[in-house]
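Structural characterization, general
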Amino acid sequence: MTTKHKVIFDTDPGVDDAMALYFALAHPDIDILGITTIFGNVTVQQATANALYLTRIAGYDIPVAGGAPVPLAKAAGMPPGFIHGDDGLGNLDQRSAIDAQPESCSAAEYIVSMARAHPGEITLVAVAPLANLGLALKIEPNLPKLLKRVILMAGTVTEPGNVSPVAEANVWNDPDAADLVFTAGWNLTMVGLDVTHRVVLPSSFFVELAKKHNHLAMTTLSHAANFYCDFYKSIRPELGHACYGHDVLAFVCLVAPELFKTQEGRIRVVTDGIANGQTMMDKLNGKIFYPQPGWEPDKPVTHACMQVDVNACIQLIETTLAGNWLKAPLTV
Ligand code: BDR
Ligand code: CA
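Each value, and the rule that gives it
- Residues numbered from 1 in each chain as written.
- Chains lettered and ligands numbered in written order.
- Predicted model: local features only at pLDDT ≥ 70, side-chain atom pairs only at ≥ 80, totals over all residues.
- Heavy atoms only, no water.
- Helix = DSSP H or I, 4+ residues; strand = E, 2+ residues; numbered from the N terminus.
- Rg over C-alpha atoms; globule rule 2.2 N^0.38 Å.
- Buried < 20%, exposed > 50% of the residue type's maximum accessible area, 1.4 Å probe, protein only.
- Contact = heavy atoms within 4.5 Å.
- Areas by Shrake-Rupley, 256 points an atom, 1.4 Å probe, with all protein chains shown as cover.
- Near = heavy atom within 4 Å.
- Polar contact = N/O pair within 3.5 Å; in protein donor to acceptor, adjacent residues only side chain to side chain.
- Donors = N, O, S within 2.8 Å, 3.2 Å for Na, K, Ca; no water.
- Pairing = 2+ DSSP bridges.
- Axes fitted to C-alpha atoms, helices over the stretch in contact; angles between N-to-C directions.
- Core = buried A, V, L, I, M, F, W, Y, C linked by side-chain atoms within 4.5 Å.
- Phe/Tyr/Trp six-rings, centres within 6.5 Å; stacked < 30°, edge-to-face > 60°.
- Lys NZ or Arg CZ within 6 Å of the ring centre and 35° of its normal.

Focus: the overall build of the protein
Helices and strands together make up the secondary structure of the protein, namely 13 helices and 11 strands. The C-alpha atoms of the protein give 19 Å as radius of gyration, which agrees with the globular expectation for 332 residues (20 Å, within 12%). In the protein, buried positions account for 57% of the 332 residues. Restricting the contact set of the protein to residue pairs at least 6 apart, pairs at least 24 apart contribute 82%. Summing over all exposed atoms, the protein offers an accessible surface of approximately 13,400 Å²; the carbon and sulfur share of this is 53%.

See below:
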């Protein structure tokens, strides 16, 4: 019998966040204990509303705790409505009414209390700017020992960035939080643009799943994916009407690590200047001593995903989402 992965999902939904959430709900080996939200693709208020909406319309009553509204140090920016829609879900025409409230504690408090209650058992999957983890570390410096592992959709090692030539959006949105996370000392896996830019999902992929299920949750996801694919078509016409699944790959990596090849090395984040948000990896993995402070041998190593079995990954996403996982919507 497989023991399910107990997960806290830290997210800024966001279209690919919604893909990730539904993959996680659909996968038999994942148990989402709770969701924590943060600014990023939308405001944190919208992210919380979207997390509640997406879970309830799929029929799942999962706790949602709202998190940081702004980065730890960097000035807050505007959410990219042109990528995910002003509502984060491709500008839905209407929403069914749900009766659901977020937790009374903050995301950081939620992460800490759950980690203390289940020491060594919880995997934190974070696919958004990382202030909630940074704030949780400030409350509980022993958090890296209390969590089983952390998987990030964040950063890049060799692939060009998506908000600058060197920076990935989740890291760039809060580079100070990201540097805290990369140096905290947990069992850390990075699923970055090196692999997420290999996995292209056409809008027809979601249309077919929506047809198969004929369920509000999947028509909502298909609508959102269509908007997201419009954006990618405007910047990457060679992909066709398609998008990157970014965040869903963090969960694929959790349940099917054999589909990825990793490289191990210390990672630091540039926190200002023209390379703001760059994830720099020590590709020599400690083989030589650097006089530059910040690269001391005790800095922890990250497992960075560098290659992915693209076809197997897409097949797994499809068969998982096509399964019998949707329940009656918790609408009023
Ligand atoms: C990441 O940035 C966000 O826009 C996506 O949701 C994903 O988490 C990709 O760089
Ligand atoms: Ca995200």
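Focus on the site of ligand 1
As a structural note, the neighbourhood of ligand 1 is formed by D16, D17, N41, H84, V127, M153, N162, E168, A169, N170, H246 and D247. Within the side chain of E168, one N or O atom sits 2.4 Å away from an oxygen atom of ligand 1. In the complex, the protein chains occlude 93% of the 280 Å² of accessible area that ligand 1 would expose alone. When contributions to the shell around ligand 1 are tallied by element, the ones reaching two or more residues are helix 1 (15-26) and helix 7 (169-173).

Digging into the coordination of the calcium ion (ligand 2)
On the protein side, the calcium ion (ligand 2) has D12 (OD), D17 (OD), D17 (OD), V127 (O) and D247 (OD) as donor atoms, found 2.3 to 2.6 Å from it. Along the chain, the residues donating to the calcium ion (ligand 2) fall in the pattern D-x4-D-x109-V-x119-D. Placement of D12 in the loop between strand 1 (5-11) and helix 1 and of V127 in the loop between strand 4 (122-126) and helix 5 (131-139) is noted, with a sequence separation of 115 residues between them. This pair shows no difference in class: D12 is buried, exactly as V127 is.

Observations concerning the side chain of T196
The residue T196 is located in helix 9 (residues 193-196) in this model. What T196 contacts, discounting residues up to four positions off in sequence, is M153, V191, Y244, H246 and L249.

What to know about the sheet that holds strand 3 (residues 64-65)
Taken together, the nine strands give an open sheet; going across it, the order is 3-2-1-4-5-6-11-9-10, and neighbouring strands pair in mixed fashion. Two strands close off the open sheet at either side, each with one partner strand: strand 3 and strand 10 (279-281). Summarising the sheet, strand 1 and strand 2 (residues 30-37) pair through seven bridges and their orientation is parallel. Bridge pairing in strand 2 links T11 to T37. The strands touched by helix 12 (residues 248-255) within the sheet are strand 1, strand 2, strand 4, strand 5 (149-153), strand 6 (188-191), strand 9 (260-269) and strand 11 (301-308), with strand 1 carrying the most contacts at an inclination of about 165°.

A few points about the environment of N173
Here N173 lies in helix 7. Sequence spacing of N173 and C313 is 140 residues, and the spatial spacing of their C-alpha atoms is 27 Å. Residues in contact with N173, not counting those within four places in the same chain, are F39, G40, P71, K74 and P129.

Regarding the nonpolar core
Ranked by size, the top nonpolar core spans 71 residues in total, and within it F9, M19, Y22, I32, F251 and W325 carry the most contacts. Ranked by the residues each element gives to this core, the list is headed by helix 1, at 10 residues. Apart from residues no more than four positions distant in its own chain, Y22 is found in contact with L54, I57, A58, A217, M218, L221, L321 and W325. Counting 41 residues, the second-largest nonpolar core is a separate cluster that includes I38, A108, Y110 and F182.

Some thoughts on the packing of aromatic side chains
Counted by the stated rule, this structure contains nine aromatic pairs. Both rings, one in Y228 and one in Y232, keep their centres 5.1 Å apart while their planes meet at 85°; by these two values the pair is edge-to-face. Of the two residues, Y228 and Y232 are both situated in helix 11 (residues 216-235); the distance of four residues between them amounts to about one turn of the helix. Accessibility assignment for this pair places Y228 and Y232 in one class, buried. The interplanar angle of 65° and the centroid separation of 5.0 Å between the aromatic rings of F231 and Y232 together place this pair among those described as edge-to-face. Judged by its relative accessible area of 7%, Y232 is buried. By the ring-pair criterion, three or more aromatic residues cluster together here, those being F82, Y228, F231, Y232 and Y244. The ring of W172 has K74 lying over it, and the distance from NZ or CZ to the ring centre is 3.5 Å.

What to know about the pairing of strand 4
Here strand 4 lies mainly inside the structure; five of its five residues are buried. Pairing of strand 1 with strand 4, which is carried by five bridges, proceeds in the parallel orientation. When the sheet's bridge partners are listed, V7 is paired in strand 4 with T123. Sheet topology places strand 4 next to strand 5; four bridges connect them, and they run parallel. What sits directly across from L124, in strand 5, is V150.

Regarding the environment of I235
Secondary-structure assignment places I235 in helix 11. Between the alpha carbons of I235 and N162 there is a distance of 11 Å; along the sequence they are 73 residues apart.

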